[in-house]
Amino acid sequence: MKRISVLLVLLLVLCACVPTPETEYVVNKADNTVEEKLNAASTENRDQKEIFPEHWTEEKTPIDDHLSLFIDADLITKEDGLYPVYRTKTAEITSAEAGKWAGEILGTPESRTGTVTTKEQLQKEMQRYLDQIAALQAWIDAGRPDDGVDRDEYMPSQEEQEEFINSYMEMIDKAPEKNDSTEVSDFQNMPKGGFVYTMTDGSSGYVYSAEDCVIVAKSDAADPYLYYSYYYEEEKDDYDPDYPWPALWKDVTLSREDAEAMLKREIERLGFSDFTVTQATTANLLCSSPTKKSDAQGWAFKLKRNPAGYPNAGVPYEPSQALQYGSGDDFMANPHVRDEEVEILIDESGLRFFVYSGKREVIGLENPNVELLPFETVKERVKNAFASCYPRDGFRAYRDGEQSNVTLEVYEMLLTPFTIRVKNSEELYEMPCWIVFFDEYVNDRRMAGRRDDPDMMHECMVINAVDGSIVHTEWNW
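This structure is a prediction, so every number in the text was calculated from the model and none was measured.

Another aspect to go through is the overall build of the chain. Counting its regular elements, the chain contains eight helices and 24 strands. Taking all 477 residues of the chain together, 48% fall into the buried category. Long-range pairs, those at least 24 residues apart, make up 75% of the contacts in the chain between residues at least 6 apart in sequence. Put simply, the chain shows about 24,100 Å² of open surface, and 47% of that area lies on carbon and sulfur atoms.

This brings us to the pattern of salt bridges. Considering all chains together, one arrives at 27 salt bridges under this definition. In this structure, Lys359 engages Glu97 in a salt bridge whose closest nitrogen and oxygen atoms are separated by 2.8 Å. Here the residue Lys359 occupies a position in the loop between strand S16 (350-357) and strand S17 (360-367), and Glu97 occupies one in helix H2 (residues 95-106), the gap between them amounting to 262 residues. Look at Lys359 and you get buried, because its relative accessible area is 10%. Accessibility expressed as a relative area gives 23% for Glu97, which makes it partly exposed. Because the salt bridges share partners, they merge into one network encompassing Glu58, Glu380 and Lys383.

By the secondary structure assignment, Gln161 is in helix H4 (residues 158-174). Look at Gln161 and you get buried, because its relative accessible area is 14%.

Okay, H4 next. Over its 17 residues, H4 runs 25 Å from end to end, which matches the ideal 24 Å to within 8%, given 1.5 Å per residue. Among the residues of H4, those classed as buried are Gln161, Tyr168 and Ile172. End-on, the buried residues of H4 take up no more than an arc of 45°, which puts them together on one face. Summarising the geometry of H4, the exposed residues directed more than 90 degrees from the buried face are Glu159, Glu163, Asn166, Asp173 and Lys174.

Here we come to a negative patch on the surface. On the surface, Asp150, Asp152, Asp237, Asp238 and Asp240 cluster together into a negatively charged patch. You can see Asp238 is positioned in the loop between helix H5 (229-235) and helix H6 (245-248).

The next subject is the layout of surface pockets. In this model, the largest pocket occupies a volume close to 1,000 Å³. Those elements that provide at least two residues to the lining of the largest pocket are strand S4 (85-90), strand S11 (275-287), strand S12 (293-305), strand S13 (317-319), strand S14 (332-335), S17 and strand S20 (406-421). For the lining of the largest pocket, the element with the highest residue contribution is S20, accounting for four residues. Considered class by class, the residues forming the lining of the largest pocket number 18 nonpolar, twelve polar and ten charged. Computed from the structure, the second largest pocket encloses a volume of approximately 880 Å³. For the lining of the second largest pocket, the secondary structure elements donating two or more residues are strand S5 (109-114) and helix H3 (119-141). For the lining of the second largest pocket, the class distribution of residues is nine nonpolar, ten polar and ten charged.

By size, the foremost hydrophobic cluster in this structure holds 56 residues, and its most contacted members are Phe386, Val410, Met413, Met431 and Trp434. Setting aside anything within four residues of it in sequence, one finds Trp434 in contact with Phe52, Thr77, Phe375, Val378, Met413, Leu414, Leu415, Met461, Val462, Ile463 and Ala465. Met190, Leu270, Phe275 and Tyr356 belong to the second largest nonpolar core, which has 32 residues in total.

The next point concerns the sheet that holds strand S9 (residues 213-217). In a beta sheet, neighbouring strands pair by backbone hydrogen bonds and run either parallel or antiparallel. Reading across from one edge, S6-S5-S7-S8-S9-S16-S15-S12-S11-S10 is the order of the ten strands in this open sheet, with antiparallel pairing throughout. Each end of this open sheet is capped by a strand with a single partner; those strands are strand S6 (181-183) and strand S10 (225-228). In this sheet, neighbouring strand axes are inclined to one another by 25° on average, regardless of whether the strands run parallel or antiparallel. Note: S11 against S12, twelve bridges, orientation antiparallel. Bridge pairing links Ala283 to Gly298 in S12. Docked against the sheet, H2 engages strand S7 (193-199), strand S8 (204-209), S9 and S16, running at close to 15° with respect to S9.

Cut-off values and rules
- Residues numbered from 1 in each chain as written.
- Predicted model: local features only at pLDDT ≥ 70, side-chain atom pairs only at ≥ 80, totals over all residues.
- Heavy atoms only, no water.
- Helix = DSSP H or I, 4+ residues; strand = E, 2+ residues; numbered from the N terminus.
- Buried < 20%, exposed > 50% of the residue type's maximum accessible area, 1.4 Å probe, protein only.
- Contact = heavy atoms within 4.5 Å.
- Areas by Shrake-Rupley, 256 points an atom, 1.4 Å probe, with all protein chains shown as cover.
- Salt bridge = Lys/Arg side-chain N within 4 Å of Asp/Glu carboxyl O.
- Expected span 1.5 Å × (residues − 1).
- Arc of directions from axis to C-beta.
- Patch = residues over 30% accessible without salt bridge, like charges linked within 9 Å, V, L, I, M, F, W, Y side chains within 5 Å.
- Lys, Arg positive; Asp, Glu negative; His and termini not counted.
- Charge placed at Lys NZ, Arg CZ, Asp CG, Glu CD.
- 1 Å grid on protein atoms, 1.4 Å probe; cavity = no way out; pocket = protein on both sides within 12 Å on 5 of 7 lines; lining within 4 Å.
- Points joined across faces, edges and corners; volume = space filled by probe spheres on them.
- Nonpolar A, V, L, I, M, F, W, Y, C, P; charged D, E, K, R; others polar.
- Core = buried A, V, L, I, M, F, W, Y, C linked by side-chain atoms within 4.5 Å.
- Pairing = 2+ DSSP bridges.
- Axes fitted to C-alpha atoms, helices over the stretch in contact; angles between N-to-C directions.

These values are about where atoms sit, not about what they do.
In structure tokens form, the structure reads like this:
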């Protein structure tokens, strides 16, 4: 059974072809280095600022016959040089909290209506399927003419059609004729699930409430959905009658500057003033029920808790799943913890869509300025970690049956908190870690343009800045 720990990977479990680093690349002795540094009493040295260079450059260096490492990285660190560690824990979103946010965003409700799919809606979906089957059969009977229509040419078997129809008939039989409405005067004691509310001023709003997520939208839709501009750019030239979103897109005219000014007021009003923006992109608020439409157009902001003012990457990132960290009983990983995140859509009128998920409670300040490893040590850990963890087999290492020449280029390193488990506890540390962004070149061809795409998930090397261990997420959740 894998042990729960923030430390990772013994060098000995890696494949024999990996060269032995001159210095160990990861502290993995189940010692108490992190705890000792976090519990260190304040001394005259601990108001000392941790100062790091602004850039790290090293010429391309061979690791073995087919793997090289090149460093040309900007280093993004805290301007004040102080690196606090907070202790947090996951928590449920209460009905009272969800009701409070709903009231502040939507106003005063007078009725609540369920959003369960009705008999009529299911019957329309089933008829749409039957119409598609009939149209496809007519096209096949006509000899499959080239009529310029982009269609799925697969014809389900008679057995598959009957199975689909029978399943819909069963759902139709169980579905309600209509959704019941209930008179309400506030959002307190809300039931879990999604509901459309009618407000006293005649407007409508949607609220979804669960233990780990709350959604509030100024919309009459039962299925409000944020459709980002990068989705639209990828899909706008593809026609699919079953996927209407690109055709619904409307351009955003609101400037980011104006949107951020409104966002600042909203997060203070809602009690999220210690959250900072991690991503921003234009988006539409789309829905398909009761009608397909773009309900709002504006800027979608993602925010994370950041009371100490750490720098943000501005892109999504996670520990790379391509690197080989190890296996077996000696392999130690950081169990997955859902990110705490707020997402808000701002349009010309203000806040239109709000999502809060992965709630955490701040238990306290574990250390106001923890001692970090000197950068010379960090450099060695980074280089030796890549030498030991980069896979020497699989699709990255081989092309056309021959071993490829791979170059890893580290282009940015961000010193910011990463959530890790407290040893022998369900509580969490928001621990300063080096997020090492890198690109892979196979035979001089870059494998993914991550650094050029702020919306793509960036797979990184994550190194604990306190003890130098590699932090890798265990995804068996």
